[in-house]
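Overview (structure and organization)
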Amino acid sequence: MQNPNEDTEWNDILRKKGIIPEKPKELEVTEEQIQEMVDEAIRKQMGGKKLDEMELDELDEWEDEEDEKVFAEIRAKRIAEMKAAASLAKYGTVLEITAPEYVQEVNKAGDGVNVVLHLYKQGIPLCALLNQHLTALARKFPATKFIKSISTTCIPNFPDKNLPTFFIYKDGEMKTQMVGAMTFGGMNCTVDELEWMLHKAGAVSSKMEHDPREKRHIPDAMTSAIRQANYYDSDSD
């Protein structure tokens, strides 16, 4: 169900029509309030003195110390982030497996490792499209282990009607299943849409904030609403 507080074109239309209420206004913080918070922090550090009460040599000394402290903190934080990212970025490609490799590559992938397994079959266009998307996403999210396997090679007698199928694992346990063409939106599925789906499933840490499929669905919903309105207008005549 769509969140009525989200900033989407469709929600804007519904608000203008009065169908959903206006979005609650966020609490605003003025520049004066921000400056007061900064001044208060400085006063605490300088033993209660305000900036306009400090001598020039005190200001220079304070600025030098604070600059060094701030830059040191930023540098240390950035180094820690880079080390953490480097330790996790150990994949970057899509691995092809068969049934004997399933347990080792999927169930025993490691603590904290997200695994995306695509069961596919050659000759199914959507499977081929999603494999292309996975190649791009594997490069973008090297901390996630992306795997593909021919369905019947991996799981004997796996039904073609369920293809494509994604299994999402973490810590050796299955967390989510995505089964069938309709789940992915058919051949209209873009790499961004697949990224969003995997992000919502917890398989990747995407910076995307909104479902890219909303832009595609808004015109469809508007067309449906217009057709319905025209139907009732003609009926009233």
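Basis of the calculations
Residues numbered from 1 in each chain as written. Predicted model: local features only at pLDDT ≥ 70, side-chain atom pairs only at ≥ 80, totals over all residues. Heavy atoms only, no water. pLDDT = per-residue confidence, 0-100. Contact = heavy atoms within 4.5 Å. Pairing = 2+ DSSP bridges. Helix = DSSP H or I, 4+ residues; strand = E, 2+ residues; numbered from the N terminus. Axes fitted to C-alpha atoms, helices over the stretch in contact; angles between N-to-C directions. Polar contact = N/O pair within 3.5 Å; in protein donor to acceptor, adjacent residues only side chain to side chain. Core = buried A, V, L, I, M, F, W, Y, C linked by side-chain atoms within 4.5 Å. Buried < 20%, exposed > 50% of the residue type's maximum accessible area, 1.4 Å probe, protein only. Phe/Tyr/Trp six-rings, centres within 6.5 Å; stacked < 30°, edge-to-face > 60°.

Right, let's talk about the confidence of the model for the chain for a bit. In this model, the chain carries an average pLDDT of 78, and 56% of its residues clear a pLDDT of 70 or more. In the predicted structure, residues 221-226 sits below a pLDDT of 50 and forms 3 contacts with residues beyond four places in sequence or in another chain.

A separate point is the sheet that holds strand 2 (residues 114-120). Taken together, the 5 strands give an open sheet; going across it, the order is 1-3-2-4-5, and neighbouring strands pair in mixed fashion. Strands with a single pairing partner mark the edges of an open sheet, and in this sheet they are strand 1 (94-96) and strand 5 (173-179). Each strand axis lies, on average, 25° off the axis of its neighbour in the sheet, ignoring direction. The pairing of strand 1 with strand 3 (residues 145-150) spans 3 bridges and is parallel. In the sheet register, V94 faces strand 3, and the bridge partner there is F146. Relative to strand 2, helix 5 (residues 125-140) is tilted by about 160°, and along the sheet it contacts strand 1, strand 2, strand 3 and strand 4 (165-170). Against the sheet, helix 8 (residues 191-200) makes contact with strand 2, strand 3, strand 4 and strand 5, and its axis sits at roughly 40° relative to strand 4, the strand it touches most.

Right, let's get into the side chain of S206. Among the secondary structure elements, S206 is positioned in the loop between helix 8 and helix 9 (213-236). Within the structure, the side chain of S206 is placed 2.6 Å from the side chain of E195, a separation counted as a polar contact.

Further remarks concern the nonpolar core. Within soluble globular proteins, side chains that are nonpolar generally end up buried alongside one another. V116, L130, F146, F166, F184, L194 and L198 are the most contacted members of the largest nonpolar core, which has 19 residues in total. Sorting the residues of this core by element identifies helix 5, strand 4 and helix 8 as the ones contributing at least two each. No other element matches helix 5, which puts 6 residues into this core. Every residue in contact with L194, bar those within four places of it in the chain, is listed here: L130, H133, L134, L137, F166, F184 and C189. Counting residues in each nonpolar core, the second largest holds 16 residues, with L117, L119, I147 and Y169 among its members.

Working definition: an aromatic ring pair is given by the centre-to-centre distance plus the angle between the planes. Summed over all chains, the structure comprises 2 aromatic pairs. Centre to centre, the rings of Y102 and Y169 are 6.3 Å apart; their planes meet at 75°, and the pair counts as edge-to-face. One end of the pair, Y102, is in helix 4 (residues 102-107); the other, Y169, is in strand 4, and 67 residues separate them in sequence. Y169 matches Y102 in its accessibility class, with the two residues each being buried.

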